[in-house]
Structures are given as C-alpha cells and as structure tokens.
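The residues making up each chain are set out below.
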Amino acid sequence: MHNIEERDRQIGIKQAWHGLTEVVDVIDVHDNYLRNWDVVRKPLTYINSEEEEIETGFGILVGSDDDKIIGRPMNPTYRPVTNEAFIDLVAGAISQLPKATIESIGSVCNRGKVFATVSLKDHKEFTVGGRTFNDFLNFGNAHDQSSKLWINNTNTCTVCDNTFTSNMLSTKGKVASAVHRGDMEVKLADMAHVVDVFLESQEDFRRGFESLVKQQLSEERAQQLFVGFLTRNNPREGLSTRTLNKADNLTTLFKSGAGNRGENMADAFSAVTDYYTHSSTRGGGLNRLNQFVSSEFGIGRAAKQTFWDVVNSSEKTEQAIVRGEKLLTAV
C-alpha cells in the first residue's frame, strides 16, 4: 500500500510505481513540500465537573497549515521532531556533497510519516569492480509515533509507506536513528555528526575498493592471506584443521562468490565479507539471528573491519601472507 492519503503528497524527479508522484525537475532543500507546513503540539485538556479546563499533560500534533490532527495522543515525555528540524538534517547532509540531489520527498499515512531520499552522486548507484553499491541516503520520521527518526543507505528510494517501512527496517545500510525521548536537539546534532562521518567513510570506502580492484592476487596468495589473517591472534600455535577449513571456504568464495572471479584483492575482501555476513557462526549460519548479531554487532563485524584494515595496508597484507605461507608449508 502506498498510503498517500488526502493530506499527503509525494514529490519526486520521476514517477513512482503508484503513479501519484508530483514530478518536478528539481527539489529544493530550502523550498519544498515539508517546508510548507509543520507540526504543532497542542495540549489535551478536559472540562471537570466545575467546568474548569484541566490540562492532562498529554498532547496531540496538528498541522500548522490546517490545524487538523496528525497521529495520536502523546505522553509528556514524547519529543516530536518538526519538519523544519528534519529537513535541516537533510540539508546538512546535502551540504557535504555538491552533487547530491533530493530524489523524493513527502508524507504518507495522513502526514503521520515524512521522508526524504537523497542520491549521493549524480547517479543513483555506483559500480566498482563489477559490484553495485548503495547510493540512496534515506531519511524518515514519524509524527504518528510509529517509528524512530532514522537514516539509512540503501538501493531503495522512499516513495510510499511500503518503501518507508522497508528502508526503516533495513539493517544492512543503517546509518543512525533516535527515539523521540529526552533532548532531541542534542540527538539531532549527534545524528548530523554521524551522517558527516558516514559520508566521509563512504567516499573512503569507494576509493579504497577501487584500489583493491587494481591489486592482482593469485589463488595461492589469497589462501596464504586468509590463513595469515585467521591466525593473527595465535601465529605460533600452528594451523588447525578448523582454521584450514575456514581458509578453504574463503578461498572458494574468493574464486566463485557473488561478483568474484579470484583475480584481485577486492575479491578477497568480498569473500571475507560474504563469509562473516552469512556463514561464520556455528552451523554455517543456519541460525539467522545468531549470524545477524555476529555480522552486524559482534565477532563477524570486527573481523570484517579488521580485514579491511589489513588489505588496505601493504605492510599488514604482506605480514599476513608471509605468516600464512609458513603455516601452510608446515602442514
């Protein structure tokens, strides 16, 4: 369901699947649909037996342009994020990238949810070494208390309630999120900083991956690299059967994993990423929850980051290969 209701609009630079997009050539971050109205918190009151108006402490949001209700009653601790603050967050990200473009902006669910999608370059995705990477930065916020304020990086442009929910629930490209509690001004400032760091790291990743594609790597040296990496914490204990099996799995992924041809350092990094994302936990990743936790928060995530550091340092790469060669020779 698109859930673009009577009070909602979706503006974009191309028509979305639902056919309801108001197509424009350019969406100005300083002059757009979400700048034209905002939310205003009104107190909820009741009239007691003495006909006195008593405030309950609860509130309700209404539109600044039509004074109609948005969402449901909120308790005193709930901190809404205004459209102004939301779009300012988007504007801050755009200011970091001269070629960034707002692809889509709007609201759904009777203004209960608002969103903006930014393409980070003058194209919607980028390809390095035959692999396609995400290039949409999505921003979402719920005035109806159905979600946090969130930001992520996916291949999906937000144009409706379905894509809002899909991007909101996506964990692969998560950048930042904040619950509507406490000091939202501080949280917004923190999120802006996180976005800055993300944009810098994405550019660093792009450049780093392009460099890895250019570094040729034979199957033999790849296996040595994997063994050296896997034994980085216990280089003197010899090569166990378990470690050798892991190295063999990684070598197979190096040659035939998704997008890999067994040719360069990028194939090695992709093999490690694939392994620690999908099959590194007990049972080969059959327990999806355990695998997810490891990949995104635990040992798997740490291993992927460590290997990235290794392959982006010629000294560390050579140390790992030499260590792996010695251990394989001793088998």
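What comes next concerns the included structure. Not measured: the values here are computed from a predicted model. (Residues numbered from 1 in each chain as written. Predicted model: local features only at pLDDT ≥ 70, side-chain atom pairs only at ≥ 80, totals over all residues. Heavy atoms only, no water.)

Taken together, the buried positions of helix 2 (residues 161-169) are D161, T163, F164 and N167. All buried residues of helix 2 project into a common sector of 165° when viewed along the axis, lining one side. Elements in contact with the buried residues of helix 2: strand 6 (101-108), strand 7 (113-119), strand 10 (136-142) and strand 11 (149-154). (Buried < 20%, exposed > 50% of the residue type's maximum accessible area, 1.4 Å probe, protein only. Helix = DSSP H or I, 4+ residues; strand = E, 2+ residues; numbered from the N terminus. Arc of directions from axis to C-beta. Contact = heavy atoms within 4.5 Å.)

With that settled, consider the sheet that holds strand 2 (residues 22-23). The mixed open sheet is built from 7 strands, whose spatial order is 2-1-6-7-10-11-12. The sheet is open, and its two edges are formed by strand 2 and strand 12 (174-178), each paired on a single side. Lying over the sheet, helix 2 contacts strand 6, strand 7, strand 10 and strand 11, oriented at roughly 85° with respect to strand 11. (Pairing = 2+ DSSP bridges. Axes fitted to C-alpha atoms, helices over the stretch in contact; angles between N-to-C directions.)

Tracing the backbone shows V311 in helix 8 (residues 299-311). On the accessibility criterion, V311 (2% relative accessible area) is buried. The spacing of V311 and A266 is 45 residues in sequence and 8.7 Å in space, taken between C-alpha atoms. Those residues in contact with V311, other than ones at most four positions away along the chain, are L212, Q215, L225, M265 and T317.

Glancing now at the environment of F269. Of note, F269 is situated in helix 6 (residues 265-278). Residue F269 is classed as buried on the basis of its relative accessible area of 10%. Each residue touching F269, except ones within four places of it in the same chain, is listed here: F205, F209, L212, K304, F307 and W308.

End to end, helix 6 covers 20 Å across 14 residues, agreeing with the expected 20 Å (1.5 Å per residue, within 8%). Counting buried positions along helix 6 yields 10 of 14 residues, so the element is predominantly enclosed. Inspection of helix 6 places M265, A266, D267, A268, F269, S270, A271, V272, Y275 and Y276 among the buried residues, and these make up the whole buried set. For helix 6, the capping residue at the N-terminal end is N264, with a side-chain oxygen 3.1 Å from the backbone nitrogen of A266. (Expected span 1.5 Å × (residues − 1). Polar contact = N/O pair within 3.5 Å; in protein donor to acceptor, adjacent residues only side chain to side chain.)

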